[in-house]
Amino acid sequence: MKKPTLFALAAVIVLTTLSGCGYNLMQANEEAVFAAWGDVEATYQRRADLIPNLVEVVKGYAKHEADTLKAVTEARARVGSMQVSKQMLNDPQAFARFQQAQGELSGALSRLMVVVEKYPDLKANQNFLDLQNQLEGTENRINVARVRYNKAVQEFNTSIRTFPNSMTNSLILHLARKEPFKAEEGAKVAPKVKF
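Just so we're clear, the structure is a prediction, and the values are computed from it rather than from any experiment. (Residues numbered from 1 in each chain as written. Predicted model: local features only at pLDDT ≥ 70, side-chain atom pairs only at ≥ 80, totals over all residues. Heavy atoms only, no water.)

Okay, the environment of I51 next. Note on placement: I51 falls in helix α2 (residues 23-61). Contacts of I51, omitting those with residues within four sequence positions, involve V72, R76, L105 and L109. (Helix = DSSP H or I, 4+ residues; strand = E, 2+ residues; numbered from the N terminus. Contact = heavy atoms within 4.5 Å.)

Written as structure tokens, this is what we have:
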């Protein structure tokens, strides 16, 4: 055989081997995780941007509900002060702190909605209704973004743990598993509704 033919045959064998090792798949799956995480961050940012407007509208009606308004403002400030990056996805403790801060903000917003029930005029105010609808839509978007993120994490984690990708990962890439969103503490217990 001629050298160019041997070289071409060797190149075909190397490319075939590399295409079956999962290198590109794992890279693509990790990028999908990062993209899904960007969607999660964007929806959380949208919620954080809406909260000051909601608080100001409620303040106008509920001046003596300062503790609840303060809790919402402080929870939003804690969420806003967190440095969020793609590297956080590889740090389970940082990811848990982020999820806890977001949970505290959700809880504070729930308490704010209870306060609103005391003020019939506020509930009828068009500005409040618009903000409430936007916030509800944002909460739905957050849930959808979390589900999509968890799906991307599942695909990525599976791709780095299955053969032959697991060998490529352990020898070349050294990619770590990503953390999915988990239910908040106490979410397993259904809320009780009393009339």
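Next, the rest of the story.
In this section: the packing of helix α4 (residues 92-116) against helix α6 (residues 126-161). Contact geometry of α4 with α6 gives a least axis separation of 13 Å together with a crossing angle of 155°. Taken together, α4 and α6 sit at an angle that is classed as roughly antiparallel. The chirality of how α4 crosses α6 is left-handed. Listed contacts from α6 to F95, Q99, Q102, S106, L109, M113 and V116 of α4 are F128, Q132, L135, E139, R146 and Y149. (Axes fitted to C-alpha atoms, helices over the stretch in contact; angles between N-to-C directions. Parallel < 35°, antiparallel > 145°, perpendicular 65-115°, else oblique. Left-handed = near helix turned anticlockwise from the far one by under 90°.)

Turning next to the environment of E74. Its location among the elements puts E74 in helix α3 (residues 66-81). Its relative accessible area of 37% is what places E74 among the partly exposed residues. It is 9.7 Å that separates the C-alpha atoms of E74 and E104, two residues lying 30 residues apart in sequence. (Buried < 20%, exposed > 50% of the residue type's maximum accessible area, 1.4 Å probe, protein only.)

Right, let's get into the packing of α6 against helix α7 (residues 165-173). Viewed as axis vectors pointing N to C, α6 and α7 meet at an angle of 85°, and their least axial separation amounts to 5 Å. The angle between the axes of α6 and α7 places the two elements in the roughly perpendicular class. Contacts between α6 and α7 involve S159, I160 and R161 on the former and, on the latter, N165, S166 and N169.

Another point: the nonpolar core. Grouped burial of nonpolar side chains is what soluble globular proteins tend to show. Core analysis: the largest hydrophobic core is formed by 22 residues, its most contacted members being V33, W37, V40, L89, F95, Y149 and F181. When residues of this core are traced back to their parent elements, those giving at least two are α2, α4 and α6. Each residue touching V40, except ones within four places of it in the same chain, is listed here: A145, R146, Y149 and F181. Counting 19 residues, the second-largest nonpolar core is a separate cluster that includes I51, L69, L112 and L131. (Core = buried A, V, L, I, M, F, W, Y, C linked by side-chain atoms within 4.5 Å.)

Tracing the backbone through its elements, the reader meets R146 in helix α6. On the basis of relative accessible area, R146 is assigned to the buried category, the value being 18%. Excluding residues within four positions of it along the chain, R146 makes contact with V40, Y44, Q99, Q102 and F181.

This paragraph deals with the pattern of salt bridges. Scanning all chains against the criterion turns up 5 salt bridges. E139 is the partner of R47 in a salt bridge, and the nearest nitrogen-oxygen pair spans 3.0 Å. Of this pair, R47 sits in helix α2 while E139 is found in helix α6, placing the two residues 92 residues apart along the sequence. According to the relative accessible area criterion, E139 is partly exposed, its value standing at 27%. Across the pair K182 and E179 runs a salt bridge, and its minimum N-O distance is 2.7 Å. (Salt bridge = Lys/Arg side-chain N within 4 Å of Asp/Glu carboxyl O.)

Let us now look at α7. Among the residues of α7, N165, T168, N169 and L173 are the ones counted as buried. Axial view of α7: buried residues confined to an arc of 100°, hence all on one face. Immediately downstream of α7, the backbone of H174 shows phi near 60°, a positive value. (Arc of directions from axis to C-beta.)

Looking now at a nonpolar patch on the surface. A surface patch of nonpolar side chains, about 570 Å² in accessible area, is lined by Y23, F163, M167, L171 and I172. In terms of residue count, α7 provides more of the nonpolar patch than any other element does, 3 residues in total. (Patch = residues over 30% accessible without salt bridge, like charges linked within 9 Å, V, L, I, M, F, W, Y side chains within 5 Å. Areas by Shrake-Rupley, 256 points an atom, 1.4 Å probe, with all protein chains shown as cover.)

A few words on unusual backbone geometry. In this structure, P164 follows F163 across a cis peptide bond, with omega equal to 5°. Relative to the elements of secondary structure, P164 occurs in the loop between α6 and α7. Look at H174: it is not a glycine, yet its phi comes out positive at around 60°. Assignment of secondary structure puts H174 in the segment after α7.

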